[in-house]
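The lines below spell out each chain.
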Amino acid sequence: MQSNPKNRRSSYSHLWFVLPGLAFFLAVMIFPILFAFGLSMTDWSGLGNDVSFIGLANYTEILGYWPYYRAALHNAAIFVAILVFQHTVGLYIAVLLNEKPRFMEFYRTVLFLPVILSLVATGFVWTLMLSPNIGLINPALRSVGLDFLALQWLSNPTSALGVVIAVTAWNSLGWAIIIYLAGLQNVSEELRQAAAMDGANTRQIFWRVTFPQLSPAFTALSVLTFIGTFRTFDVVYVLTGPLGAPNFSTDVLGTLIYRTAFGSSSFSSAEIRFAFGVAMALLTMLVMAVICRLILKVLRAREIET
Amino acid sequence: MASVTLQGLSKVYDGSAKPSLDHLDLEISDGEFLVLVGPSGCGKSTALKLIGGLEDPSGGDVYIGEQRVTDFESRDRDIAMVFQSYALYPHMSVFDNIAFPLQIAKVDKAEISKRVQAVAETLHLSAFLNQRPGRLSGGQRQRVAMGRAIIRQPSVFLMDEPLSNLDAKLRVKMRSEIAQIQRRLDVTTIYVTHDQVEAMTMGDRVAIMREGVLQQVATPDDLYRKPANTFVASFIGSPPMNLFRASLSGTGDKQITLGDQTLTIAPESIEAYPGISAHTGDVILGIRPEDIEDADLSPDTRAGDTITAEVAHLESLGADHMVHLALEAEQVHVGDQPQDQVETPLGPTSGGLCICRFSPRSKARSGDRVRARIATDNLHFFDPATGGALNQ
Amino acid sequence: MKKRVFRSLVTAAGLAFCANQTLAETTLTMWHQHPEWKSAVEAILDKFEAAHPDIKIDLEEIAGTNYSARLNTALAAGEAPDLFGLPAGPETVAAAEAGYITDLTGKVDVANLRDAAREAIETNGQVWGVPILGAYSVGLYYHRDVFEENGLTPPSTQAEFLEMCTTLKDKGITPMVVPASDGIVPSFMYMMLTSSVMGADGFADLRAGKRKFTDPDMVDAARFLQEIGQNCLQPGALSTPYVEGKALAAMKRGAMMPGGSADYVGYKEINPNVDLGVVPFPAVGDNAPSTVTGLEYIFLVNSDAEDKDAAYTFLNWMLSEEAQQMVVDTITMTTHKDVTPSENRILDEFTSAAKVNDVRVFYELPETGNVWSVVQQNVAALFLGEMSPEDFAQAAQDAVKIAN
Ligand SMILES: Nc1ncnc2c1ncn2[C@@H]1O[C@H](COP(=O)(O)OP(=O)(O)OP(=O)(O)O)[C@@H](O)[C@H]1O
Ligand SMILES: [Mg+2]
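Residues numbered from 1 in each chain as written. Chains lettered and ligands numbered in written order. Predicted model: local features only at pLDDT ≥ 70, side-chain atom pairs only at ≥ 80, totals over all residues. Heavy atoms only, no water.

**Student:** Before we move on, can you summarise the sheet that holds strand 2 (residues 55-61) of chain C with the specific residues and values?
**Tutor:** Residue and element names in this part refer to chain C. Spatial ordering of the open sheet is given by 2-1-3-10, a layout of four strands whose pairing is mixed. Lying at the two open borders of the sheet, with one neighbouring strand each, are strand 2 and strand 10 (298-301). If you compare each strand with its neighbour and ignore which way they point, the axes differ by 30° on average. Across two bridges, strand 1 (residues 26-32) lies against strand 3 (residues 83-86) in parallel orientation. Note that in strand 3 the partner of Trp 31 across the bridge is Phe 84. With respect to the sheet, helix 3 (residues 64-77) is in contact with strand 1, strand 2 and strand 3, its orientation differing from that of strand 3 by roughly 130°. (Pairing = 2+ DSSP bridges. Helix = DSSP H or I, 4+ residues; strand = E, 2+ residues; numbered from the N terminus. Axes fitted to C-alpha atoms, helices over the stretch in contact; angles between N-to-C directions. Contact = heavy atoms within 4.5 Å.)

Structure (structure tokens):
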């Protein structure tokens, strides 16, 4: 009777131990989100006292707001491209590095460097390099006879998104490599030796034995890529400005929300709709959380238990 | 089916100064079960990896049958290996694990299924074919690893301590199962272990290694009776052979003096160790515990085959009484390093560690002074400088 | 022994602190959005601090596009500086209504402001902010040396401009540099083009709903803008960021560039040898070419500012002749009646350019506040041909809010 678990449960003293964490979580996560949600149900422009409660009107407006879908589509395109890139090129380079080549440390540093550099700084360098007027890339292409590639990369609506993707890929490759490398180093050497003894060639060893073991890395990387690409902002902002130039062909949710909440120039704030921007941000967060959950569910199911 | 020949096989890993395998010469005949034993780190796994083509040798050659395979890829050597860790593919079912070598070889599906079923039957795995290895017990995993090795019907098996992860009971069971399977399939097998019981019970021949150097290859019997050096002598046998510094004297009838007691060496021992006939002075004397008995239980003791000493310590194992006699003589311990012979001078008080296997009928108790009878026809003699047997 | 040393140290530190206190009793924090004016503004502030040793100004520059985000957030959080700039017009009114700023009526002396400027800062007789860093006109810069070498004179009409555009291109010279990535400069071009059609009176009509961007003569402005965008700009104009455009223009990588009076400082800094002239932007058809004029950010006093008197002192000093002379000589045009540039040819040229046909910038007026952003956002589509001049004009018209 004394050890009845119900008795034990009725004491809540253990809650004191989570209190600091809970308080912190409430303060920096829950409270701001609730506050933002409250704000998103108003028509506050961001400056002044003109606020009225409009319920979910902002949200229903988003549902029919074409720029939101356009931006989300661009995010999706970046996500798919980066995902493919990381799971091919990233994986391949990780496999090469895992062979412990000479100067391994050097390669690893060089490949990881973009990750730790500020995207704002590197993005700025990229705009300069890609500039058709002062950039280095076009002259370089011409000097090796690739004149047909020396284009106005960023001002062409069809290639600008490609440039954004390329810079993002360059920047995030380090993550893919590090995550895959960690995964590869967890695959026991003996397993590969066993496969070799069983008659498998290098390719068969990789695809049939090594790769399936990388599924946790695959999952982690896919989810990180999803989150990273759907909240991308700095690359686009620096490369193509607050309007996702040219003509919004690189506009992503990040720039759209920023522009809506804070405006796109210092000359006029007439177009600023802060509350609407907050509503877009919250809706995006919600949709991303749901999709994340789905991705995890699908990919986790494929993972192996050991 | 094929023999395996190793010629001067050596391996120095990058960044290590000492060879992990030093000029190993070994011939394993077709269908033979050879056990490779030695202490941890002596190069057993290295030897297997070189044979299997998982590492490139720094020198020497590997032949399978008449074929020199030194430069062959693993997959071209027709060898199957059971790894120390089993190395089962965690993402595949037991069926796929066993079938993997056949799938790689593109054997047709029906045939694979038939052969996997048959192997699973032999190994009592039929009930687990659809499970992932993560769900299996140690013994079951071990059998899956065996299954994956035997399904291909290779010409050589390599097994790297396949039983080391199992508990003692299961190990005994699996020991005989493996031995049986090997007999039935009649595949040349090189089996690595550091467990001497496995070595002695399973192998047709046993190769003992130390620090990358082969010490002796012989049948279990020969190893036990004619150890090539103090290392083999102390490695084989449990408890190990007692080794003491002693002094030889006499020319025809030879005597050996151990501390202040003297034994007369029987002719059989001289026959087995002809090297001692011309030798006087320091030697290392080896006496197996089972060659020492309570003199009270032996009616016909003669002078010169008994010693007297105090019982320092007694362990009763039921069938045997392990008696530790405090002998006043310098005891020799053999370390892992060659030339590594540590001598411990012992006084009666510090507890002499000459281990004797007395019959349970012995009345000897701790603290008693007992007379022990030594089988002087089964003494072993080693060169005190090199540790080599004086059998030449 | 040790104690004595410690005590004397404390005393010394205390004395130093007190001395400091008497020298600078008040520190006013101040934000503005022109990092490129840093040295010029600091020189003016040094003068002020020399005249008023008890007030120290702590200036922070925040680059244009980030400025409103930073400021709005800071205002909402109650962490805005004592003094900050906002565009005269709707933004200032909104800040006043929100209670963020102090009523300056009667506290600052606006008697010396030019009429247009005073009009722009007065709302219903109240003054909320003052133009201490002047005003700007936007027109067309051209490289005098380039024009001379090629025997050209600055264009004033559409036909002249387009012809010159062809001539220059044939010579391998980029006719005009326009950073179009953020749409700001093209938006100014549209203001100048439509202004050339409607003039200042027409702009008043437009705000009253009597004139429209979609009037056929006004659509021509959009059409001309499209022609310029498609034929006369440097490669990659649509993705050229503002800073790069400015650098290209300064480095003579194009013969002309639309720009404001305040931009000259920056050109000079990038290329000290630059030899520029200014004319009004070429007109649509045969109209008179036009400039547009606006106030630089006017400066407001935070209603939370601790020492408002110090702030008034500062603003009044900034409106004085002495300060405005420095503004006009080192930065941009002044709003002071009696101050003229000592030897600033560019500002003289701007002043005379603005004499022809000058219209206030659209965004300072509540009716056309939104036009600016709509034009800014649609101009890329216009340049790319994805939007017709008619649709472009329609979108601009739709953004006009006519007061009832
Ligand atoms: N990949 C390697 N690189 C460097 N040294 C190695 C490598 N593998 C083994 N060695 C060294 O070679 C020696 C022999 O190792 P090996 O694995 O063959 O020992 P073992 O006899 O199998 O030992 P155990 O019974 O513990 O498995 C050891 O000293 C070990 O440190
Ligand atoms: Mg081993």
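**Student:** Summarise the packing of aromatic side chains; cite the residues concerned and give the values.
**Tutor:** Tallying each qualifying case throughout the model produces 39 aromatic pairs over all chains. Ring geometry for A:Phe233 versus A:Tyr258: centroids 5.1 Å apart, planes at 45°, classification tilted. Of this pair, A:Phe233 sits in the loop between helix 11 (215-230) and helix 12 (234-240) while A:Tyr258 sits in helix 13 (residues 253-262), and the two are 25 residues apart along the sequence. Residue classification places A:Phe233 among the partly exposed residues on the basis of a relative accessible area of 23%. For A:Tyr258, a relative accessible area of 14% gives the class buried. Grouping aromatic residues by their ring pairs yields a cluster made of A:Trp44, A:Phe233, A:Tyr237, A:Tyr258, A:Phe262 and A:Phe274. Its end group placed over the ring of B:Tyr224, B:Arg288 keeps NZ or CZ at 4.1 Å from the ring centre. Its end group placed over the ring of C:Phe203, C:Arg207 keeps NZ or CZ at 4.5 Å from the ring centre. (Phe/Tyr/Trp six-rings, centres within 6.5 Å; stacked < 30°, edge-to-face > 60°. Buried < 20%, exposed > 50% of the residue type's maximum accessible area, 1.4 Å probe, protein only. Lys NZ or Arg CZ within 6 Å of the ring centre and 35° of its normal.)

**Student:** Break down the state of the cysteines for me, citing the residues and quoting the values.
**Tutor:** All names here are of chain C. This structure, assessed with the given rule, holds one disulfide over all chains. For Cys 165, the disulfide goes to Cys 232, at an S-S distance of 2.2 Å. The S-S bond linking Cys 165 to Cys 232 shows a torsion near -120°; that makes this disulfide left-handed. Separated by 67 residues along the polypeptide, Cys 165 in helix 7 (residues 158-170) and Cys 232 in the loop between helix 9 (216-231) and helix 10 (242-250) bring together distant segments of the chain. (Disulfide = S-S within 2.5 Å.)

**Student:** How would you sum up the interface of chain A and chain B? Please name residues and give values.
**Tutor:** On the chain B side, the residues contacting the 20 residues of chain A number 25 residues. Buried area between chain A and chain B, summed over both chains or domains, comes out near 2,100 Å², and the portion from carbon and sulfur atoms is 58%. Looking at the side of chain A facing chain B, the largest losses of area belong to A:Met197, A:Asp198 and A:Arg208, adding up to 35% of the total buried there. Measuring nitrogen to oxygen at the nearest pair gives 3.4 Å for the salt bridge that ties B:Arg148 to A:Asp198. Between chain A and chain B we count eight residue pairs in polar contact (both at pLDDT 80 or more) in total. A per-element tally of the side of chain A that touches chain B places helix 9 (residues 189-197) of chain A first, with seven residues. Classifying every residue of the side of chain A that touches chain B gives nine nonpolar, seven polar and four charged. (Buried area = accessible area lost by both parts, 1.4 Å probe. Salt bridge = Lys/Arg side-chain N within 4 Å of Asp/Glu carboxyl O. Polar contact = N/O pair within 3.5 Å; in protein donor to acceptor, adjacent residues only side chain to side chain. Nonpolar A, V, L, I, M, F, W, Y, C, P; charged D, E, K, R; others polar.)

**Student:** Tell me about the interface of chain C and chain A, and name the residues and values.
**Tutor:** Often, the extent of an interface is quoted as the loss of accessible area on bringing the components together. The interface of chain C with chain A comprises 47 residues on the first partner and 36 residues on the second. Both sides of the chain C and chain A interface together cover about 3,300 Å² of buried area, and 55% of this is carbon and sulfur. Connecting chain C to chain A are zero salt bridges. At the junction of chain C with chain A, the criterion picks out eight residue pairs in polar contact (both at pLDDT 80 or more). Only helix 3, helix 4 (90-97), helix 8 (184-208), helix 10 and helix 15 (369-384) of chain C provide two or more residues apiece to the side of chain C that touches chain A. Residues that form the side of chain C that touches chain A fall into these classes: 22 nonpolar, 19 polar and six charged.

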